[in-house]
Structure formats: structure tokens, C-alpha cells
Amino acid sequence: MDDWPAISVVIPTRNRTGLLQETIDSILGQDYPGDLTCVAVFDQSPPDESFALDTPGRRVVVTANTRSPGIAGARNTGVLLDDGELVAFCDDTDLWLPHRLRSQVTALGAGHFATCGIELFNDEVAFARCVTAPTVTLRDLLRGQLPSMHPSTYLMRREALVDGFGLVSEELPGGYGEDYELLLRAARYGPITNLAGTGVRVRLHNASHFSVVESSETISSALRWMLERYPEFAGAPGGYAQLAGKIAFAEAALGRGSQALRWIGRTVRRRPWEPRAYLALAVTAGVPAGAIVGRLHRMGRGI
């Protein structure tokens, strides 16, 4: 490519300044020939101007979240602040491998949205996860969430994001699942380009602002919101069962046994072998939800 497009990289952050610099360094260190602007959006915390940087081809802009509190508003604040032709997302604990942007921009071509594989890591383990297909469709996403299509891998054409499939939803209760919901809308707009190779290292940690146990009310509300607004799930039993199973687990963690059992029933009617139904049943029987979540996290998985 002779003319590499400018890219805006939006990094929502909240009380993680210790890791933020490492994230920014991994982005500024890309072997990408075009201009990069990191927009660090401080959500519900004061902006730290010490991260600001202005050098040829590489900038860091610091701002407060000026939209709704939470990750969705923070992402949208960053998107609208800069004017790069392409927009990428990165969480404030994740790291990009040096080739990530060059490879994705090349693969994206005239497309509107691209993702790539990830490596989950902490001080003890590291293992790769990816979707092997070169394109991902709405039908693929309705069959079930694809965790390796992580928001830190998203690369989008600004025009499509702002005026096409639309910004990150700030209506989704608590912002939970906003990344998956954005993928669904983007895939409605057209197939998503995907690179199977690893481009991002996603840190495994216990500091998520969405603890399943502590945020079960939000999780249940958000996923029910998603099922209502995407009637296509009615024709995708696997995807419906996955979301219904998560709702069942959240309701069980809240101690609402009758609601949990109702959602367990909806889950197994769509897919009898869906494991989330049986994890939710275990919680209704008295197994601590936190113990199950902790075990899954140590395996690099979630509910």
C-alpha cells in the first residue's frame, strides 16, 4: 500500500494507570507506516495529562468521558474526538503485537470491520484463541458468542461506524455485552473480515468491572435486552441457549431460584447440552457462584 490510512485508537480507562502506559507503548510501537493517534478516555476518573504525547506520526490525546458513564460512552467519546479514517479499540490492560495493524489494514481492504486472533495471558499461562474463518457473518454470530473476537482486536472504517451500523450502544443496560452487540450490528451491515493469526495479547486478571456475581442484575437485564432486540436469535437455538444460560446463571447468583429455573428450562429446550444451564442449576442447589466463576477464569473462560 502506498497510502496507509490514519488510525484513531480508542482506549477507555478507569483507575488502571499502571497498565495504561504499557498498553499505549504497544500501540505506538506498531510497525504500521501510517499515522496513529491514541485517544485515552478516562471514564469516571480524572484525566491524567502525563500520558499526552505529540510526535510526528504518533500522538496520545487524553480526555474525559463526555457521554454516558461506562465503557460504551467512553468508546464513543474517543471515536468522535479524532478523525482518523479507521478506528481501532483497545482495552487498557491489553497489548498489541507489532504487526497487528499492518496485517489488519492490509486484510481489511475496502471492508468495514476486521478482527484477529488473541493470546490470553497472565504471569503463569499463555494460550492462543482465534476464529479460523476469513469472514464472519451475522449467522455465525447468532450461533453463539465468539470470545476470541475481542474488542481489542476491532478495526473499523470510521464512516461505517459513525454513519453506517452505528456507534457503540449506550442503551444496553450497564454496557454489558456492548462488544458482542456491536459485532451483531456490524455483521448485519456486511461480513466481518477476520485474521486467524494472533495480533493482540489479552491480559487475564480479576479486576474486571463486570464481576458475574457482583453484576448479575446488570448481566441479566442486558442479555434480556439483547434477546428482545435481535429476534434473529429465535432461529438460532445455539446462540439463544448461550445467552439464556447466562441469564439463568445470573438469576441463580441473585438467589432468584424460580427465575433461574425458568431460564434453565428455556436453555435446555433450545440446546439440551448447554453447560451454562447445569452451572446455573448447581448454583440454585447451593454451590457458590463465585467459586464457579473463579474456576472458569483460571481456565481462561467465562460464563
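So, a few notes on the structure that sits alongside this text.

Cut-offs used in this document
- Residues numbered from 1 in each chain as written.
- Predicted model: local features only at pLDDT ≥ 70, side-chain atom pairs only at ≥ 80, totals over all residues.
- Heavy atoms only, no water.
- Core = buried A, V, L, I, M, F, W, Y, C linked by side-chain atoms within 4.5 Å.
- Buried < 20%, exposed > 50% of the residue type's maximum accessible area, 1.4 Å probe, protein only.
- Helix = DSSP H or I, 4+ residues; strand = E, 2+ residues; numbered from the N terminus.
- Contact = heavy atoms within 4.5 Å.
- Pairing = 2+ DSSP bridges.
- Arc of directions from axis to C-beta.
- Right-handed = clockwise from strand over helix to strand, strands pointing away.
- Patch = residues over 30% accessible without salt bridge, like charges linked within 9 Å, V, L, I, M, F, W, Y side chains within 5 Å.
- Areas by Shrake-Rupley, 256 points an atom, 1.4 Å probe, with all protein chains shown as cover.
- Salt bridge = Lys/Arg side-chain N within 4 Å of Asp/Glu carboxyl O.
- Phe/Tyr/Trp six-rings, centres within 6.5 Å; stacked < 30°, edge-to-face > 60°.
- Lys NZ or Arg CZ within 6 Å of the ring centre and 35° of its normal.

**Quick word on the nonpolar core**
Core analysis: the largest hydrophobic core is formed by 59 residues, its most contacted members being Phe89, Leu141, Met156, Leu184, Ile192, Met226 and Phe233. Among the elements that take part in this core, helix α8 (residues 237–253) stands out by supplying eight residues, more than any other. Discounting residues that sit within four places of it in the chain, Met156 has contacts with Glu85, Leu86, Val87, Phe89, His112, Phe113, Leu161, Phe165 and Leu182. Formed by 30 residues, the second largest nonpolar core is a distinct cluster that contains Trp4, Ile7, Val200 and Val202.

**A few points about the pairing of strand β7 (residues 113–121)**
Side chains on a regular strand alternate between the two faces of the sheet. β7 sits mainly inside the fold: eight of its nine residues count as buried. Sheet topology note: the β7/strand β10 (residues 155–157) ladder contains two bridges and is antiparallel. Bridge pairing links Ala114 to Leu155 in β10. With eight bridges joining them, β7 and strand β11 (residues 192–203) adopt parallel strand pairing. Along β11, the bridge assignment pairs Glu119 with Arg201. Where β7 and strand β8 (residues 126–129) come together, four bridges link them in antiparallel fashion.

**Some remarks on helix α3 (residues 100–108)**
Considered for burial, the residues of α3 that qualify are Arg100, Leu101, Gln104, Val105 and Leu108. One side of α3 carries all its buried residues, which in axial view fall inside an arc of 110 degrees.

**Description of the pairing of strand β2 (residues 36–42)**
Buried residues dominate β2, accounting for seven of its seven residues. Burial along β2 is two-sided: Leu36, Cys38, Ala40 and Phe42 and Thr37, Val39 and Val41, pointing in opposite directions, are all buried. Pairing of strand β1 (residues 7–13) with β2, which is carried by seven bridges, proceeds in the parallel orientation. Looking at β2, one finds that Thr13 is bridged to Phe42. As a crossover connection, the stretch from β1 through helix α1 (residues 17–28) into β2 is right-handed. Relative to strand β4 (residues 58–64), β2 runs parallel, the two being bridged by seven bridges.

**Topic: a nonpolar patch on the surface**
Taken together, the side chains of Leu261, Tyr278 and Leu281 define a hydrophobic patch exposed on the protein surface, amounting to about 290 Å² of accessible area. Checked against the element boundaries, Tyr278 lands in helix α10 (residues 275–284).

**Re the packing of aromatic side chains**
What characterises a pair of aromatic rings is the spacing of the ring centres plus the angle enclosed by the ring planes. For the structure on display, the rule yields six aromatic pairs. With a centroid separation of 5.4 Å and an interplanar angle of 85 degrees, the aromatic rings of Trp4 and Tyr32 are classed as edge-to-face. Note that Trp4 is positioned in the segment before β1 and Tyr32 in the loop between α1 and β2, a separation of 28 residues in sequence. The class of Trp4 is buried, set by a relative accessible area of 16%. By relative accessible area, which is 2% here, Tyr32 ends up buried. Where Phe113 meets Phe165, the ring centres are 6.0 Å apart and the plane angle is 50 degrees; that geometry is what we call tilted. Remark: Phe165 occurs in the loop between α5 (158–163) and α6 (178–189) and Phe113 occurs in strand β7; sequence separation between them is 52 residues. For the residue pair Phe113 and Phe165, the accessibility class agrees, reading buried in each case. What links up through ring pairs into an aromatic cluster is the set Phe89, Phe113, Tyr154, Phe165 and Tyr189. Positioned above the aromatic ring of Trp96, the side-chain terminus of Arg100 is 4.0 Å from the ring centre.

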